[in-house]
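Now for the letters of each chain:
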Amino acid sequence: MPLDVKKIKADFPIFCQEINGKPLTYLDSGATSQKPRQVIEAMNSFYETINANVHRGAHYLGERTTKAFEDAREKVKKFINANSPKEIIFTKNATEGLNLLAHSLGSTLKDGDAILLTHMEHHANIVPWQLLAERKNIELRWVSLDEEGKLNMEELEKLADGVKIIAVSAMSNVLGTINPVKEIAKLARNQDSLVVLDACQFVPHSPTDVKELDCDFLVFSGHKMCGPTGIGVLYGKQELLEKLPPFMGGGEMIINVTTEGFITNELPWKFEPGTPPIAEAIGLGAAIDYLDDIGMENIREHEISLTAYALRLLTEKHGDQIKIYGPSEPAERGGLISFKYGDIHAHDVSQVLDEHAISVRAGHHCAKPLMQELGIGATVRASTYIYNDETEIDQLSIALEEVRDFFKLNK
Amino acid sequence: MADLEDLYREIILDHYRSPRNRGELPCPPAHRAEGFNPLCGDEVIIYLETKDGKLTDLKTGGQGCSISQSSASLMSEAIKGKSVDEIKKIATAFKAMLGIESGNIEGIREESSQNGEGPEASEAVKLGDMEALKGVMKFPVRIKCAVLGWNTLLTELEELQNS
Ligand SMILES: Cc1ncc(COP(=O)(O)O)c(C=O)c1O
């Protein structure tokens, strides 16, 4: 079912404003999404009516808060089809989830073990493993990409031989490429490797079923899916999480502490030391309700058709100047388009777009190894979500004409 | 688009398209330093040779937006042959033109000061063509781009003096 973008947009207070007399064209949801009133209200209402700490006070507010917090966990569980709320760890963001894994899962590796990464990873799925490789003698292997920005699967198959962990993004935040995750998981099953999915760009845009994906761990951030900042999720198979040592220590993650030592708490709290982001978890729960109402299948379809439109229009109107990265087939990519425009640096392009109240991202997108492979320093990235429609892609195209004229490129 | 015209002066685009003193110097005797803008990936590389407290030769490299690269190019023209002390004075005046005083975080400023004029550069130092970068004032995130070359240079000079 097509999205009613007008109706959806009306839910987002940020679009009520004009910037320099122009309506806001927000094409930077890949960095963070905007928040609907429903999420903002859920968080406000929490603070105004039931605010207390969780799992502590045996009083009315404490009980209400604890229930609301654990309800949010239940919503996440359903949203990604996990088996149990024990498999849902709340973190600060996806980055923390990956650091947790590199630390706790990393501590189970032996000297000489190997981990497989790819050239399209976000720094969040690179540096934690590099930190691990500094502590232990761990080999990091890298899968390269083909000309369309897809993983070289033949190479992946070879390099995967004997690795303990395959850590890969479900969808690239630069190229938009959606990776053949199931195929990768199948490969891993045949040889006892664990699969860690960075699903930061995937979960907000697609139905996600951890059983179908057959991954062992999966991370994402709330703020890219209509939720607040400060909340992320680490999913892990229960039997695996049970075996992992904790990451950070403190309150909440223990059952007992003496001067001699401590006993760790059960899942999921074992990995949630200290006061958690309570309002943020509740906000994420509200975001999930909001997205579920629209329907994740519908969201995915909307993005495929919007991406197809954008690829077509930009190539048609700017074919001489624009170089678009990533797969040419819209169904193989998510709702984002990275490009280079003539010889104009991405920063300068985005500056002109900003004059038109069009927000895009310019830079290396925290994926420097990828930029190196592409042989460029920066790209412009326009990323869409449920509140964007074709007229905004038109706006982008018109503004790009102005970029071309302003910097005097040939037509 | 008036602000944009202000930002992208002809002279800036000219330095961007044909950067001056571009290239490399053999190290040693030259020294090489790299500066990055982690926000956007801009990169400036500076090769310099000093003798008796004077900058005898320099070349620049790297890649990035028009502001970072033109600023490095303009800088290279302004400082060649100057003494380290003179260079530091120019750097201070340049940063002052962009509203940066030592100690504050570059690129983050109060709304109110964004549209105002920057503190006047100290009288004694003439910034010449570099004044074309004054328009950057109105675009706080771009200030980091404009000072990338200068910060790379200053760090390098500091290291040379300490070694
Ligand atoms: C693919 C990918 N991985 C990881 C991250 C890190 O997310 P966060 O900064 O919310 O931890 C991002 C966010 O930009 C991303 O796009």
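Remember, it's a predicted structure, so these values are computed and weren't measured experimentally.

Topic: the interface of chain A and chain B
Listed per partner, the contact involves 18 residues of chain A and 22 residues of chain B. Here chain A and chain B share an interface that buries about 1,700 Å² over both sides, 53% of which is from carbon and sulfur atoms. Of all residues in chain A, His347(A), Gln351(A) and Phe406(A) give up the largest surface area on contact with chain B, accounting jointly for 34% of the area buried on that side. Connecting chain A to chain B are two salt bridges. In this assembly, chain A and chain B are joined by six residue pairs in polar contact (both at pLDDT 80 or more). If you list the elements that add at least two residues to the side of chain A that touches chain B, you get helix H12 (346-355), strand S16 (361-363) and helix H14 (390-406) of chain A. Ranked by residues supplied to the side of chain A that touches chain B, first place goes to H12(A) with five residues. A breakdown of the residues in the side of chain A that touches chain B according to their chemical character gives six nonpolar, six polar and six charged.

Observations regarding the confidence of the model for chain B
Across chain B, the average pLDDT comes to 83, with 85% of residues at 70 or higher. Here helix H5 (residues 111-114) of chain B is the element of chain B with the lowest mean pLDDT, 43, and helix H3 (residues 66-79) of chain B is the one with the highest, 92.

Some points on the side chain of Asn37(B)
Positionally, Asn37(B) belongs in strand S1 (residues 31-37). For Asn37(B), a relative accessible area of 3% gives the class buried.

Description of the nonpolar core
By size, the foremost hydrophobic cluster in this structure holds 77 residues, and its most contacted members are Phe90(A), Leu218(A), Met225(A), Leu291(A) and Ile386(A). The element contributing the most residues to this core is helix H10 (residues 278-294) of chain A, with eleven residues. Here this core spans two domains, since at least three of its residues come from each of domain 1 (5-30 + 295-404) and domain 2 (39-293) of chain A. Beyond its immediate stretch of four places on either side in the chain, Met225(A) contacts Ser33(A), Phe79(A), Val203(A), Pro204(A), Phe220(A), Leu284(A), Ala287(A), Ile288(A), Leu291(A) and Tyr385(A). The next biggest cluster of nonpolar side chains, apart from the first, holds 73 residues, and it includes Leu55(B), Met97(B), Val147(B) and Leu153(B).

With respect to the sheet that holds strand S2 (residues 42-51) of chain B
All names here are of chain B. What the three strands build is an open sheet, ordered S1-S2-S3; its pairing is antiparallel. Lying at the two open borders of the sheet, with one neighbouring strand each, are S1 and strand S3 (54-63). Mean inter-strand twist for the sheet, computed between neighbouring axes without regard to direction, equals 20°. Pairing geometry for S1 and S2, over seven bridges, is antiparallel. Within S2, the position partnered with Gly-35 by the bridge is Val-44.

Observations concerning the site of the ligand
Residues and elements named next belong to chain A. Near the ligand you find Asn-93, Ala-94, Thr-95, His-122, Ala-124, Asn-173, Asp-198, Cys-200, Gln-201, Ser-221, His-223 and Lys-224, and these make up its full shell. Between Ser-221 and the ligand, the recorded distance is 2.6 Å, taken from a side-chain N or O atom to an oxygen atom. Lys-224 places a side-chain nitrogen or oxygen 2.7 Å from an oxygen atom of the ligand. About the coverage of the ligand: the protein hides 88% of its 390 Å² of free accessible area. A per-class count over the shell around the ligand returns three nonpolar, seven polar and two charged.

Quick notes on the rules
Residues numbered from 1 in each chain as written. Chains lettered and ligands numbered in written order. Predicted model: local features only at pLDDT ≥ 70, side-chain atom pairs only at ≥ 80, totals over all residues. Heavy atoms only, no water. Contact = heavy atoms within 4.5 Å. Buried area = accessible area lost by both parts, 1.4 Å probe. Salt bridge = Lys/Arg side-chain N within 4 Å of Asp/Glu carboxyl O. Polar contact = N/O pair within 3.5 Å; in protein donor to acceptor, adjacent residues only side chain to side chain. Helix = DSSP H or I, 4+ residues; strand = E, 2+ residues; numbered from the N terminus. Nonpolar A, V, L, I, M, F, W, Y, C, P; charged D, E, K, R; others polar. pLDDT = per-residue confidence, 0-100. Buried < 20%, exposed > 50% of the residue type's maximum accessible area, 1.4 Å probe, protein only. Core = buried A, V, L, I, M, F, W, Y, C linked by side-chain atoms within 4.5 Å. Domains from an automatic or database assignment. Pairing = 2+ DSSP bridges. Axes fitted to C-alpha atoms, helices over the stretch in contact; angles between N-to-C directions. Near = heavy atom within 4 Å. Areas by Shrake-Rupley, 256 points an atom, 1.4 Å probe, with all protein chains shown as cover.

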